[in-house]
Amino acid sequence: MTQTRWTRHRTWVPGAGLAAALLAAWYFSPGLPVLWGPTANADTVVAGETLFLHEWTPNDPIAHGDGLGPVYNATSCVACHFQGGVGGAGPNGANVTAFEVLPSKRDPNVHNGVVHNFALTSSLQESKDQLRDVVPVIIGSRRTPGSCGPNIPDFDPLHTDEINSPALFGVGWIDRISAKAITTPRVSRLVANKIQQLDIDAANIGAGRPRILPDGRVGKFGWKAQFATLDEFVAAACATEIGLGTPKMAQAKPLGQPSYAASPPDLDKQQFGQLVAFVDTLPRPERLTPQNPIARDQAAHGQQVFNSVGCAVCHTPDVGGVKEVYSDFLLHTIEDPPPGSIPDRGDAGRYPDLDPSAPLPEDHPLPSEWKTPPLWGVSDTAPYFHDGGSPTLQAAILRHGADARTVKKAYEKLTPEDQNALLAFLGTLKAPGNAAPAGNVTPPRRLVKK
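Before going into details, it helps to say that this report is about the structure given with it. Note that this is a predicted model, so its numbers are computed, not measured.

**Quick word on the pattern of salt bridges**
For step 1, the next point in the chain: Inspection of the entire model under this criterion finds 13 salt bridges.
For step 2, the next point in the chain: Between K430 and D380 there is a salt bridge, with its nearest N and O atoms 3.5 Å apart. Of this pair, K430 sits in strand β9 (residues 429-430) while D380 sits in the loop between β8 (369-371) and α11 (393-399), placing them 50 residues apart in sequence.
For step 3, the next point in the chain: Owing to a relative accessible area of 24%, K430 belongs among the partly exposed residues under this scheme.
For step 4, the next point in the chain: One network of salt bridges, in which partners are shared, links D215, R217 and E232.

Structure (structure tokens):
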């Protein structure tokens, strides 16, 4: 009996060790890689492209609801996604003002939306002044002489940002990246992607953090990584930018009018599936090697410089089996805060955008945090940053601070030759050569005059 027990014990111990080793290997692994790219039925993709290019009108004949609006930013998808071809980025002229109502003692919830540039009638037209009327400053209180009560400062829960339209090329590949490939610790990703020979200490670069949504999923789409899947991203774009309701999301209501009459979804399940299939199968960006030997050598050297100064720490070349995407899909603070502010979640009481009595949810991005944008196709996606405020790649690099301050300083110390080489490398990251030409795009416009 004793011998049998000892034999079983000796057998169990190696088994437990193996299980622990496998568990540890899985924990530190980036998960299963993307092995196959997006595919869809050709007829479905063609139908989706037709919807993407379609210029919507009020009571549109192919809509199942009220068509365009009642508030909107564009009359078609391609109006904001055409640089480099159908599905590309948008110019500053297509920017929108996004707003976030931060939690307060009166309302502990976070609310998001956009100030729509256009409306079907003048009575529905939105403006920043109207937004301020809907979301006023919360007046504090002052301690009266001789009392013991505290001074409570005024609190402005409204935060706005100008938002630029991102390129959609290759988003189907991003949709297939596993959540684990994003949440794996940064050091593990650096090892997996073989980012070596850094001239700076990577520990001095902000590690960033994944956007964990309230339901526990990891966000990958949107400047704040607020969407976990591509179909959610497309549904939000339809509802918010064009006013098209879908089976996943109702159309946007005019600002300050929550009781505005609801409309049936404009796109039915089949149409929405077709539109998502088209966006899902948009071609991925490519890297074009210069034919000229001198230019080719300069770009190759620029890629080495890109790695050596630390750009690749956040703009990770390969993620989850998707090659040359150049993003870690994490939230980072990439601009230095205004003087006197302290962008620290643990010190929210001194951060001017937060109410100490109602902090942001733990996983919610700070106003200063933005998802690392993929750099594939970056040569054809100007202007840069979330607000389109940087017209050139060099201007975008020099705008980096906070988490990326070390990288910017390293770039500034480079010789002009090395700086130009890095820019030459970025210049090889092009929009897909087989993207459909956008042709003459109708710019966003108002259909009904005030």
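**Observations regarding the packing of helix α9 (residues 293-308) against helix α13 (residues 416-426)**
For step 1, the next point in the chain: At a minimum axis distance of 7 Å, the contact between α9 and α13 shows a crossing angle of 100 degrees. Judged by the angle between their axes, α9 and α13 are roughly perpendicular. Facing α9, whose interface residues are Q298, A299, H301, G302, Q303, V305 and F306, α13 presents D418, N420, A421, L422, A424, F425 and L426.

**What about the environment of G208?**
For step 1, the next point in the chain: Note that G208 resides in the loop between α6 (186-192) and α7 (230-242).
For step 2, the next point in the chain: Here the alpha-carbon distance between G208 and D403, two residues 195 residues apart in the chain, equals 7.8 Å.
For step 3, the next point in the chain: When near neighbours in sequence (up to four residues on either side) are disregarded, G208 contacts L330, L331, H332 and D403.

**A short note on the environment of T39**
For step 1, the next point in the chain: Of note, T39 is situated in the loop between α1 (2-28) and α2 (42-53).
For step 2, the next point in the chain: Residue classification places T39 among the exposed positions, given a relative accessible area of 67%.

**Points about the pairing of strand β2 (residues 96-101)**
For step 1, the next point in the chain: For β2, a buried count of six out of six residues is recorded, marking the element as mostly surrounded by other parts of the structure.
For step 2, the next point in the chain: Here β2 shows a buried face lined by V96, A98 and E100 and a second buried face lined by T97, F99 and V101.
For step 3, the next point in the chain: Of the pairings in the sheet, the one linking β2 to strand β5 (residues 158-163) comprises six bridges and is antiparallel in character. Its bridge partner being in β5, T97 is matched across the sheet by E162.
For step 4, the next point in the chain: Of the strand pairs in this sheet, β2 and strand β3 (residues 111-115) are connected by five bridges, and their pairing is antiparallel. Bridge assignment links A98 to a residue of β3, and that residue is V114.

**Remarks on the packing of aromatic side chains**
What describes a pair of aromatic rings is the distance from one ring centre to the other and the angle between the planes of the rings.
For step 1, the next point in the chain: Counted according to the given criterion, the structure contains seven aromatic pairs.
For step 2, the next point in the chain: Here the aromatic residues F221, F227 and F233 are joined through ring pairs into a cluster of three or more.
For step 3, the next point in the chain: Positioned above the aromatic ring of W370, the side-chain terminus of K224 is 4.0 Å from the ring centre.
For step 4, the next point in the chain: Between R284 and the ring centre of W173, over which it is positioned, the NZ or CZ distance is 4.5 Å.

Analysis parameters
Residues numbered from 1 in each chain as written. Predicted model: local features only at pLDDT ≥ 70, side-chain atom pairs only at ≥ 80, totals over all residues. Heavy atoms only, no water. Salt bridge = Lys/Arg side-chain N within 4 Å of Asp/Glu carboxyl O. Helix = DSSP H or I, 4+ residues; strand = E, 2+ residues; numbered from the N terminus. Buried < 20%, exposed > 50% of the residue type's maximum accessible area, 1.4 Å probe, protein only. Axes fitted to C-alpha atoms, helices over the stretch in contact; angles between N-to-C directions. Parallel < 35°, antiparallel > 145°, perpendicular 65-115°, else oblique. Contact = heavy atoms within 4.5 Å. Pairing = 2+ DSSP bridges. Phe/Tyr/Trp six-rings, centres within 6.5 Å; stacked < 30°, edge-to-face > 60°. Lys NZ or Arg CZ within 6 Å of the ring centre and 35° of its normal.

By themselves, these are just geometric observations and shouldn't be taken as functional.
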